[in-house]
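Okay, here's what each chain looks like letter by letter:
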Amino acid sequence: MRLFTRRLSTNGTKTPAGYSLGARARSPPPPPHWLTTTTTTTTTDGTKVTVARPGRQKPAQPVMRHGMGAGNILATWEHDVLPMEEEPVALLRRPKTVSFVGAPMSWGQPLAGTDYGPQLLRESGVVRALSKVGWRVNDTGDVPVLPPSEAEHRADEAYMREHSANSRNASAVGRMLSSLAQRTEKAASDGDFVLTVGGDHSVALGTLFGVLKARPDTGVLWVDAHADLHTPLSSESGNMHGMPVGILMADDSVRCKIPGFEWLRGGPRLRPSQIVYIGCRDLDLAERKQIRAQNIKCFTMFEVDKYGVGSVVEQALKHLGPTCPLHLSYDIDAVDPEHAPSTGTVVRGGFNFREAHYIAEAIAESTRLCSMDLVEIKCVHFALCVLCFWG
Ligand SMILES: [Mn+2]
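The sections below set out a description of the structure shown in this document. Just so it is clear, the structure is predicted and the values come from calculations on it, not from any experiment. (Residues numbered from 1 in each chain as written. Predicted model: local features only at pLDDT ≥ 70, side-chain atom pairs only at ≥ 80, totals over all residues. Heavy atoms only, no water.)

1. A closer look at the overall build of the protein chain
(1) Moving on: Secondary structure assignment for the protein chain yields 15 helices and 10 strands.
(2) Moving on: The burial tally for the protein chain puts 52% of its 391 residues in the buried class.
(3) Moving on: Contacts spanning at least 24 positions in sequence make up 72% of the contacts within the protein chain whose residues lie at least 6 apart.
(4) Moving on: Accessible surface, the protein chain: about 17,900 Å² in total, of which carbon and sulfur atoms supply 54%. (Helix = DSSP H or I, 4+ residues; strand = E, 2+ residues; numbered from the N terminus. Buried < 20%, exposed > 50% of the residue type's maximum accessible area, 1.4 Å probe, protein only. Contact = heavy atoms within 4.5 Å. Areas by Shrake-Rupley, 256 points an atom, 1.4 Å probe, with all protein chains shown as cover.)

Listed below in structure tokens is the structure:
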């Protein structure tokens, strides 16, 4: 599946730069691909005839709104998508269907704005873009996110005191993730591609838990500036968006004590060999130690610079094995702030425009990508409005 876009080359689909009168004046360039539909028919004597005829209208230009900063990347898809060859996704049902799940969570970190992510994606035309590349889209709407109640707040405080833990709003986050996990499990069991749009990265705990229930041998590609490998027992900030991998890997005796996360009991645990990190560049000491101790495959930006993004994705896929379904958890902060400035935890030195796209394209090319999170897209203008309003 091509969620991300590919730039048009100058191979005739676009007028090349420096186009001049001359040979081309006598032989006009072909019309843009969006104005042409080609049909191939076989005549009675067996020869194939290809006919080009006027087709779809030129797609509308992207609409930039609400500080769509994730934006320089996402807002380009309307005019930048190349129609791709039909690609079999053997592990999904036919007709190939995307279940779009909105997860407008922002309680996993301290800033407002990520809760606007699903709406931004819908407004920027994600459904139309997916339909255009041959997918049926089932928009399941947003999973409800409610603020912590008084009782939940007290439960959080008691847990943190008792275990010297650090987990802000754990109850409210856990409650929402429980419904999210049920929804992703159902969609994955139905054979759909599950596309979850956050929301902060805590939502990946819910989506992966559901996906792993339906497809236990799933391999995870975690594209992120961070490893999100903490638990409330190791976290300094207490932000739940830094813990989805850590909690998924943790033993039930640790994770089921976290208020709001009792439902994880007996459920799947992520094995260290089942995940690969790509793009990390902001790891703290505890996370580095754990990555080494558990022998987790991790390609930091150093490796991306050293080997190139092509080799890194190839090695990552090789590590996960040749047959398993794949889940891509794409934190937009993996991309350099120059291209994706509207995110919660900005870290410079990330992927450039082509690297950011290449990763998704190369993983899709495996034809085994069956689920994906796109998270931490933050609406800066919206957050500023909230701050001004309350300010
Ligand atoms: Mn993350």
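2. Regarding the pattern of salt bridges
(1) Moving on: This model, assessed by the stated rule, comprises 8 salt bridges.
(2) Moving on: A salt bridge links R122 to D139; the nearest nitrogen and oxygen atoms lie 2.7 Å apart. On the criterion of sequence distance, the pair formed by R122 in helix α4 (residues 117-123) and D139 in strand β4 (residues 136-142) is long-range, its members being 17 residues apart.
(3) Moving on: Relative accessible area serves as the criterion here: at 33%, D139 is assigned to the partly exposed category.
(4) Moving on: When the shortest N-O distance is used, the salt bridge between K186 and D190 registers 2.7 Å.
(5) Moving on: For D190, a relative accessible area of 38% gives the class partly exposed.
(6) Moving on: Residues joined in a network through salt bridges with shared partners are R122, D139 and D142. (Salt bridge = Lys/Arg side-chain N within 4 Å of Asp/Glu carboxyl O.)

3. Focus: the environment of A286
(1) Moving on: Relative to the helices and strands, A286 resides in helix α11 (residues 285-293).
(2) Moving on: Between the alpha carbons of A286 and H230 there is a distance of 8.1 Å; along the sequence they are 56 residues apart.

4. Considering the pairing of strand β9 (residues 326-331)
(1) Moving on: Of all 6 residues in β9, 6 are buried; the element is thus mostly enclosed.
(2) Moving on: Residues L326, L328 and Y330 line one face of β9 and the alternating positions H327, S329 and D331 line the opposite face, and both faces are buried.
(3) Moving on: In this sheet, β9 lies alongside strand β6 (residues 219-223) in parallel orientation, the contact comprising 5 bridges. What sits directly across from V220, in β9, is H327.
(4) Moving on: In this sheet, strand β10 (residues 369-375) lies alongside β9 in parallel orientation, the contact comprising 6 bridges. Counterpart to L328 in the pairing with β10 is M372. (Pairing = 2+ DSSP bridges.)

5. A look at the coordination of the manganese ion
(1) Moving on: Taken together, H201 (ND1), D224 (OD), D228 (OD) and D331 (OD) make up the full set of protein donors to the manganese ion, lying 2.1 to 2.3 Å away.
(2) Moving on: If you list the donors of the manganese ion from N- to C-terminus, the spacing comes out as H-x22-D-x3-D-x102-D. Taken together, the positions of H201 in the loop between β5 (193-198) and α8 (203-214) and D228 in the loop between β6 and α9 (244-249) put the pair 27 residues apart, joining distant regions of the chain. Of the two residues, H201 and D228, both sit in the buried class. (Donors = N, O, S within 2.8 Å, 3.2 Å for Na, K, Ca; no water.)

6. A closer look at the sheet that holds strand β3 (residues 97-103)
(1) Moving on: Strands sit in the order β4-β3-β5-β10-β9-β6-β7-β8 across an open sheet of 8 strands; the sheet is parallel. Sheet topology places β4 and β8 (297-300) at the edges, where each strand pairs with a single neighbour. The mean inter-strand angle of the sheet, taken between neighbouring strand axes irrespective of direction, is 15°.
(2) Moving on: On the sheet, helix α13 (residues 309-320) packs against β6, β7 (275-280), β8 and β9 and is oriented at approximately 165° with respect to β7.
(3) Moving on: Along the sheet, helix α14 (residues 353-365) contacts β6, β7, β9 and β10; its crossing angle with β9, the most-contacted strand, is approximately 170°. (Axes fitted to C-alpha atoms, helices over the stretch in contact; angles between N-to-C directions.)

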